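# Breakdown of the fold
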Amino acid sequence: MRKREQRMAIRARARLKQGGGWSDVVVRNVSRRGLMLEASTPPACGTFVELRRGSSIVIGQVRWVQDNRCGLLVQDRIDPRIFLAARDGSDPWRPGDADRRALARPGTTQNLARSQAAARAGQWLGVTLVTLVGAYVIVSAAHSALARPIAQVAQVLAAPSR
């Protein structure tokens, strides 16, 4: 019989993805090749799962299930110190953190209001731009139309008197 790897007893919160959903679990012990998890509804034996704790991601297969606990054989070796450090409070992660699906999303009404505000700003910018271009065209046309007569008047006024 093969010798069992040393396990380190811990109590660390984590997020478990099975199928299409996420759930909160507690990691009860960890070794370099596996974990024991406690979950309200543990995944079935043979299920492949993803476990996240802070920035650590572990992929594994459920090897046994008993009551609300299950054993996970991991794909890649784990450094148990990462989980032990989290026990000391150095990991500020809480269930639901860094999970964008758990964040509240703006509703249709909020999206509509934001879209309308952007449209109003765009309309204001467009009207302002058209007004400035129109004013420039009018001033340029007035300058061109009046430049020749003003130059003639200036010439007559500058000429010596007879």
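Cut-offs and rules
- Residues numbered from 1 in each chain as written.
- Predicted model: local features only at pLDDT ≥ 70, side-chain atom pairs only at ≥ 80, totals over all residues.
- Heavy atoms only, no water.
- Helix = DSSP H or I, 4+ residues; strand = E, 2+ residues; numbered from the N terminus.
- Buried < 20%, exposed > 50% of the residue type's maximum accessible area, 1.4 Å probe, protein only.
- Areas by Shrake-Rupley, 256 points an atom, 1.4 Å probe, with all protein chains shown as cover.
- Core = buried A, V, L, I, M, F, W, Y, C linked by side-chain atoms within 4.5 Å.
- Pairing = 2+ DSSP bridges.
- Axes fitted to C-alpha atoms, helices over the stretch in contact; angles between N-to-C directions.
- Expected span 1.5 Å × (residues − 1).
- Bend = angle between axes of the 7 residues up to and from the residue.
- Salt bridge = Lys/Arg side-chain N within 4 Å of Asp/Glu carboxyl O.

What follows covers the overall build of the protein chain. Secondary structure assignment for the protein chain yields two helices and six strands. In the protein chain, the succession of α and β elements from N to C terminus is β-β-β-β-β-β-α-α. Considering the protein chain as a whole, with its 162 residues, one finds that 24% of them fall into the buried category. Split by element, the accessible area of the protein chain, about 12,100 Å² in all, is 57% carbon and sulfur.

Val27, Leu35, Leu37 and Leu51 are the most contacted members of the largest nonpolar core, which totals 18 residues. Elements represented by at least two residues in this core include exactly strand E1 (8-18), strand E2 (21-30), strand E3 (34-39), strand E4 (48-53), strand E5 (56-66) and strand E6 (69-74). Take this core: its biggest share by element is four residues, from E1.

With that out of the way, let us pick up the sheet that holds E3. Note on sheets: strands pair through backbone hydrogen bonds, and any given pair is parallel or antiparallel. Spatially, E1-E2-E3-E6-E5-E4 is the arrangement adopted by the six strands of the closed barrel, whose pairing is antiparallel. The sheet shows a mean angle of 45° between the axes of neighbouring strands, taken without regard to direction. Summarising the sheet, E4 and E5 pair through six bridges and their orientation is antiparallel. The residue of E5 that forms the bridge with Glu50 is Ile59.

In this model helix H2 (residues 108-158) runs 73 Å from its N-terminal to its C-terminal C-alpha over 51 residues, within 8% of the 75 Å that 1.5 Å per residue would give. If you look at H2, its biggest bend is around 35°, right at Ala147, and the proline Pro149 turns up within four residues after that.

A word on the pattern of salt bridges. Applying the stated rule across the entire model yields four salt bridges. Taking the shortest distance from any N to any O, the salt bridge between Asp24 and Arg15 comes out at 2.8 Å. You can call Asp24 partly exposed: its relative accessible area is 41%. Linked by salt bridges that have partners in common, Arg28, Glu38 and Arg69 make up one network.

Right, let's get into unusual backbone geometry. We note that Asp67 has phi near 55°; this positive angle belongs to a residue other than glycine. Note on Asp67: relative accessible area 69%, which makes it exposed.

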